[in-house]
Amino acid sequence: MRWLTLVVTSLLVPVAGCSDSEEKPDPPELSPAKLSCKVDRAPTSSRSGLGQTSQPIVSGSATPTAAMKLSEGQLKAIGSIRLVYKGKNILYGSATLIADRLVLTAGHVPLDYDRWDGDPATFDTRLFPTTMVKFVVGNDANNPEKVFDVEKIIINPEFQSHVAVEHDLALLVLKESATKAIPGIETIPVNLAAMTTSAVGKTIFSGGFGSTTCYSQQFSPIRYWAQQEICEVYGYELGHKSVGQGLYTNGDSGAGVFMAYPDNITRQIAVISAHADAKCQQTQGTRLDAHADWLRTHLAGSCKQLDVTAAGSCKGNVAVWCEDDQVVRSDCAAQKLSCGKDTCGQSRCVNPPTQVEEVCKTLDYFGRCTDEGVLEWCVEGKLQRRDCAH
């Protein structure tokens, strides 16, 4: 099992693989895998289209599936990490915008482990300088829509070893507002509710900028999507396995693992950390719910920054509100619902008003007589009718 970072290439032109120079050595080896998820598919290095399940697909699909239930604005939030190293732009991992100026990635991505002696007391001093780390927005890392400078790197304090993945999380604080810099970009909420083994068997999705073959340093700078299945929930980690629709490999470190919930909201549930086998069939992710307190500390005030309240509002037919200090969006049209006020007066996706209910918005208890001789009046929003001719 190995780290998934360090897909090294120039971002100026498409490159087939890494340089043979000694600027960056291979990632360190990790301890033996804990996962017991059964995988029965043989590995392959071929690239294939999403949905062909006769063999695993390393690169996945360049087109996200509708089952992800992410808006166009949320798809923009899934970006890459660029490392500016000795004058070169290096694709160094993947990440997700979870608040206006907050990006979530793996803890080992901004760690310059070449310079770290393994002493927890010196851990923070071995991070890459913020001037070297960038958050890149765009489907094509060679032609990004925007490159953000990083103001601060925040490592999960429980992550103090480059040979363990249990707490492998980091936050990047951007120097500027992402929503002001990129019209239409939308943050993706993270799951802070406790996960249980009932999640095993659920479908998950991810988008990253990894290599196209298992453990290879060859990759496409285009973001690729994969669909996998949760096979284990334990400790601080999440195990997921191939279902023949994409694998995670070098360069996918820090990528978000997303799951569509029954309330029609897609949340990030983990961050990709490491392989769990030599064939890239199984992957380990660091669970976000297991680090909810740490995340809440840094998410505090996120809704206020975007002027979003718990009561929410309707943006067209999309309900937008604040939940657990995060901006949550629900596409009402996709659920055949309408954005409106629920019984608590909050803007949410509700059943479309019937024609009768619409009438009672303007008709009161005193009622009216129709041209057909029918008396109509409303009581507590319900239309009452009496045919005066009978």
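Structure: see above.
Anyway, here's the lowdown on the structure attached to this text. (Residues numbered from 1 in each chain as written. Predicted model: local features only at pLDDT ≥ 70, side-chain atom pairs only at ≥ 80, totals over all residues. Heavy atoms only, no water.)

1. Things to note about helix H3 (residues 292-299)
Along H3, the residues that are buried comprise Ala-292, Trp-294, Leu-295 and Leu-299. Down the axis, H3 shows its buried residues gathered within 160 degrees of arc, on one side only. Exposed residues lying more than 90 degrees from the buried face of H3 are Asp-293 and Thr-297. Against strand S2 (88-99), strand S3 (102-105), strand S5 (146-155), strand S6 (170-174), helix H4 (302-305) and strand S15 (326-331) lie the buried residues of H3. Positive backbone phi, approximately 90 degrees, marks Gly-301, located one or two places after H3. (Buried < 20%, exposed > 50% of the residue type's maximum accessible area, 1.4 Å probe, protein only. Helix = DSSP H or I, 4+ residues; strand = E, 2+ residues; numbered from the N terminus. Arc of directions from axis to C-beta. Contact = heavy atoms within 4.5 Å.)

2. Examining the sheet that holds strand S14 (residues 318-323)
On the basis of which strands lie adjacent, the open sheet formed by three strands has the order S13-S14-S15 and antiparallel pairing. Whereas interior strands pair on both sides, the edge strands pair on one side only; in this sheet they are strand S13 (313-315) and S15. For this sheet the average axis-to-axis angle between neighbouring strands, irrespective of direction, equals 35 degrees. Pairing analysis gives six bridges linking S14 to S15, with the strands arranged antiparallel. Bridge pairing in S15 links Val-320 to Arg-329. (Pairing = 2+ DSSP bridges. Axes fitted to C-alpha atoms, helices over the stretch in contact; angles between N-to-C directions.)

3. Some points on the pairing of strand S20 (residues 382-387)
Among the six residues of S20, zero are classified as buried, and the element is accordingly described as predominantly exposed. Note that strand S19 (residues 374-379) and S20 share six bridges and pair antiparallel. Note that in S20 the partner of Cys-378 across the bridge is Leu-383.

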